[in-house]
Amino acid sequence: MARYGLMGGTFDPIHLGHLVTAEEARFQLRLDLVIFIPNRCPPHKDPSEVTDPEHRYLMTVLATATHPYFRVSREEIDRPGPSYTVDTIRAFRHRYPQDDLYYITGADAIGQILRGEWHRTEELLRMCEFIGASRPGYSIDRDLWQSSDIAREYRHRIHLLEIPALAISSTEIRRRVQEGRTIRYLVPEGVEQYILKHGLYNRTGRRG
């Protein structure tokens, strides 16, 4: 039986915080593989404010190409309509019916899950376990852990990790590019060169 980590996100752009999170989750949860899943159309964002899916997919491929236990999936990129996580997990559960699945996300998303704000939350928690990554010093609201019916039922399927590199954000990287500032050492070198080559996030507002 294999253990697969599934890391979904907009990756606009992917940065070192994402990669450190994936590697730490792989190490601590003894995952055989981490599969990055760039979304096509995040339900909570205006499509006009998100870079073209192919650009985000290719940047994710560049960022992960040298890691032997990282892969990139087109599961959401090729699926039309909003990219709901539950549809993706169903697809991977069908593909790997006997294996353990772990969905890697941020600790803020874990808070949303405990409040039942994700689409078909309980179905998600039955199909896979969750890994919530947070920066040091940040923790899930203790009252929420105590009051949430979802937390009481599925607490054993939620794992929290502290990741120092989570001070990096895609929003900050886009802002730095718009301001003409360096993003070196915030993203992999190949991603930096891709952003510059295609003029992503520049002052004209081009998003691909």
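Now for a quick tour of the structure. (Residues numbered from 1 in each chain as written. Predicted model: local features only at pLDDT ≥ 70, side-chain atom pairs only at ≥ 80, totals over all residues. Heavy atoms only, no water.)

Tallied over the entire structure, the rule returns 7 aromatic pairs. Centroid distance Y103 to W118: 6.2 Å. Interplanar angle 80°. Geometry classified as edge-to-face. Separated by 15 residues along the polypeptide, Y103 in strand β4 (residues 100-106) and W118 in the loop between α4 (107-114) and α5 (121-127) bring together distant segments of the chain. Each member of the pair, Y103 together with W118, is buried. An angle of 75° between the planes, with centres 6.0 Å apart, marks the rings of W118 and F130 as edge-to-face. Here W118 is found in the loop between α4 and α5, whereas its partner F130 is found in strand β5 (residues 129-134), with 12 residues between them in sequence. F130 shares its class with W118; the two are buried. Here R74 stacks its cationic end above the ring of Y57, 4.6 Å away from the centre of that ring. Seen from the ring of F92, R95 lies directly overhead, with NZ or CZ sitting 4.6 Å from the centre. (Phe/Tyr/Trp six-rings, centres within 6.5 Å; stacked < 30°, edge-to-face > 60°. Helix = DSSP H or I, 4+ residues; strand = E, 2+ residues; numbered from the N terminus. Buried < 20%, exposed > 50% of the residue type's maximum accessible area, 1.4 Å probe, protein only. Lys NZ or Arg CZ within 6 Å of the ring centre and 35° of its normal.)

This part covers the environment of I195. Of note, I195 is situated in helix α9 (residues 189-198). Classification of I195 by relative accessible area gives buried; the value is 1%. With 21 residues separating them in the primary sequence, I195 and R174 have C-alpha atoms 9.8 Å apart. Once residues within four sequence positions are removed from consideration, I195 is found in contact with P13, M59, V177, I183, L200 and Y201. (Contact = heavy atoms within 4.5 Å.)

Considering the arrangement of structural elements, one finds I183 in the loop between α8 (170-178) and α9. Among the residues examined, I183 registers a relative accessible area of 5% and is labelled buried. Discounting chain neighbours no more than four positions away, the residues touching I183 are I173, R176, V177, E192 and I195.

Within helix α3 (residues 85-95), the full set of buried residues consists of T85, V86, T88, I89, A91, F92 and R93. Buried residues in α3 make contact with β1 (3-9), β2 (33-38), β4 and α5.

Let us look at the pairing of β4. Of all 7 residues that make up β4, 5 are buried, and the element is covered over most of its length. Pairing of β1 with β4 involves 5 bridges; the strand directions are parallel. Note that in β4 the partner of R3 across the bridge is D100. In this sheet, β5 lies alongside β4 in parallel orientation, the contact comprising 5 bridges. Of the residues in β5, the one forming a bridge with I104 is I131. (Pairing = 2+ DSSP bridges.)

This part is about the sheet that holds β5. Pairing within the open sheet is parallel, and its 6 strands lie in the order β3-β2-β1-β4-β5-β6. Among the strands making up the open sheet, the edge pair consists of β3 (70-72) and β6 (158-162). The mean inter-strand angle of the sheet, taken between neighbouring strand axes irrespective of direction, is 25°. For β2 and β3, the ladder comprises 3 bridges, and the chain directions are parallel. Of the residues in β3, the one forming a bridge with F36 is V72. Strands in contact with helix α2 (residues 53-64) are β2 and β3; relative to β3, the strand with the most contacts, it is inclined by about 165°. (Axes fitted to C-alpha atoms, helices over the stretch in contact; angles between N-to-C directions.)

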